[in-house]
Amino acid sequence: MFAVTAARVDAGDPLSGMDLGERPDPVPPAGWVTVTVKAAALNHHDVWTLRGVGMSADRLPIVLGCDAAGLDPDGNEVIVHSVIADPDAGGGDETLDPRRSLLSERHDGTFAERVAVPRRNLVPKPAALSFEEAACLPTAYLTAYRMLFEKSGVQPGATLLVQGAGGGVATALILLGRAAGYRMWATSRSEAKRERAVKLGADQAFPAGARLPERVDVVMETVGQATWAHSVRSLRPGGRIVICGATSGDASPAELTRIFFTQLSVTGSTMGTRDQLGRLARFCEQTGARPLIDRVLPLDQARDGFAAMIAGDLFGKVVFRC
Ligand SMILES: NC(=O)c1ccc[n+]([C@@H]2O[C@H](COP(=O)([O-])OP(=O)(O)OC[C@H]3O[C@@H](n4cnc5c(N)ncnc54)[C@H](OP(=O)(O)O)[C@@H]3O)[C@@H](O)[C@H]2O)c1
């Protein structure tokens, strides 16, 4: 089968380690099934893998890709939950299993014509969502769903600031938050992206680092170093930062004094459960919210999608059609 594989890791030149070509078909172990992939979405995770972050050489080559929508062996339309884990080991939450991994970390991923996954990781795809839209849900949108509805601790009507408006998780936060009745503010380094954020549903968008008209209840962080100080300064006393990523690196300084003096909370968030993925799919079906797709490319043009992500030249998700 055709697949996009991480063959080598290179921190400075991630695209140099990517291979496009034939790979053996998956052989599913007991309890696993083979899904025929119709669409697969790109995440920053795939770039991190090629840079060698969270990936060791002894696991290569490995097929890239966390997210997919496709057909199960009976022809049912399904969405694949990417977290490979034992829910019991995480006290009912598979993301808390200390041995959990995502597809493409220990097991071949979704940038292929076929992928093997545990049967319990399949969630029905609502007919109202296209395969391309459904493929966006398992990582970026599921992460945004958990950040908004489990971790933020605030109710609809609250004001939430999303840093780095153009990213996959950031656009998901704006879109889902707006659909749920939160007042979504956003920042971006790019004026064009700020305009698009407002069209997407943000109430207002500001240049990166700008002073806000008032302090917000929650900040949603995926950027890290480049925006951390601004995130801490933008919160009302007692507010909360929910963080799921640090694209620009770890935060330094950590702003500890301001965090304790204004009694802020910092809450980490990673992915979501299979049950949350099912609820997210239903949320989209019921509200009419649809993932924002920047571009759809054939899988054999995956290199172009990776290059756009590395350049930060995206607004929404890149989806590969398989
Ligand atoms: N914990 C989890 O479960 C989880 C799940 C998904 C993603 N993540 C992590 O979250 C991060 C975002 O993922 P993604 O897939 O949404 O990535 P992405 O689509 O590449 O998003 C990157 C966005 O971050 C902003 N950004 C990047 N570098 C910046 C800098 N130096 N200064 C200011 N802004 C910068 C940009 O916003 P502007 O250009 O608009 O300023 C850009 O649009 C990644 O680090 C990823 O690994 C974690």
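Here, the structure is the one placed above.
Per-chain numbering applies: the sequence of each chain, read as written, is numbered from 1 onward. Two thresholds apply to this predicted model, a pLDDT of at least 70 for residue-level local features and 80 or more for giving and counting side-chain atom pairs, whereas whole-chain, interface and lining totals are computed over all residues. The side-chain quantities take in all heavy atoms of the structure and omit both hydrogens and water.

Draft legend 1. Representation of the site of the ligand in the model. Note on definitions. A residue lies near a molecule or strand when any single heavy atom of the residue is within 4 Å of it. Every one of the 25 residues lining the ligand counts as a neighbour, but H44, W48, S188, K193 and C244 are closest to it. For the ligand, an oxygen atom lies 2.8 Å from a polar atom in the backbone of V169. Among the secondary structure elements, those contributing two or more residues to the shell around the ligand are α1 (44-51), α3 (137-151) and α4 (168-179). Classes in brief: Ala, Val, Leu, Ile, Met, Phe, Trp, Tyr, Cys and Pro nonpolar; Asp, Glu, Lys and Arg charged; the others, Gly included, polar. Within the shell around the ligand, the residues separate by chemical class into nine nonpolar, 14 polar and two charged. For this analysis, a polar contact is any N or O atom pair within 3.5 Å, provided that within protein one partner can donate a hydrogen and the other can accept it, and provided that sequence-adjacent residues contribute only side-chain to side-chain pairs. In DSSP terms, a helix is any run of H or I states spanning at least four residues, a strand is any run of E spanning at least two, and both are numbered starting from the N terminus.

Draft legend 2. Broad picture of the pattern of salt bridges. The salt bridge definition used is simple: a Lys or Arg side-chain nitrogen within 4 Å of an Asp or Glu carboxyl oxygen. Evaluation of the coordinates by the stated rule reveals 13 salt bridges. The partner of E255 in a salt bridge is R233, with the nearest N and O atoms 3.1 Å apart. With E255 in the loop between β15 (235-243) and α7 (256-261) and R233 in helix α6 (residues 228-234), this residue pair connects regions lying 22 residues apart in the sequence. Relative accessible area decides the class of each residue, using a 1.4 Å probe on protein chains only: under 20% of the type maximum gives buried, over 50% gives exposed, and in between gives partly exposed. Classification of E255 by relative accessible area gives buried; the value is 14%. On the accessibility criterion, R233 (40% relative accessible area) is partly exposed. For D294, the salt bridge is made with R295, and the minimal N-O distance between the two is 2.6 Å. R295 sits in the partly exposed class, given a relative accessible area of 27%. Look at the salt bridges and you will find they share partners, linking D93, R146 and E150 into a network.

Draft legend 3. Molecular detail of the side chain of T273. By the secondary structure assignment, T273 is in the loop between β16 (265-268) and α8 (274-287). Taking the relative accessible area as the measure of exposure, T273 reaches 11% and is therefore buried.

Draft legend 4. Seen up close, the pairing of strand β5 (residues 68-71). Strand direction decides the pairing type here: strand β3 (residues 32-41) and β5, joined by three bridges, are antiparallel. For A39, the partnering residue across the bridge sits in β5 and is A69. In terms of strand pairing, β5 meets strand β6 (residues 77-80) through four bridges, oriented antiparallel. Considered in β6, the bridge of A69 is made with I79. Strands were regarded as paired on the criterion that DSSP finds at least two bridges between them.

Draft legend 5. Examining helix α9 (residues 302-311) more closely. Burial in α9 covers these residues: A302, G305, F306, A308 and M309. In an axial view of α9, the angular spread of the buried residues amounts to 160 degrees, which keeps them on one side of the axis. Between two residues, a contact is recorded if the distance between any of their heavy atoms is within 4.5 Å. Of the surrounding elements, those touching the buried residues of α9 are β1 (2-6), β2 (18-22), α1, β17 (293-298) and β18 (317-321). Phi turns positive, to about 70 degrees, at G312, one or two residues after α9. Note: the arc covers the axis-to-C-beta directions of the helix.

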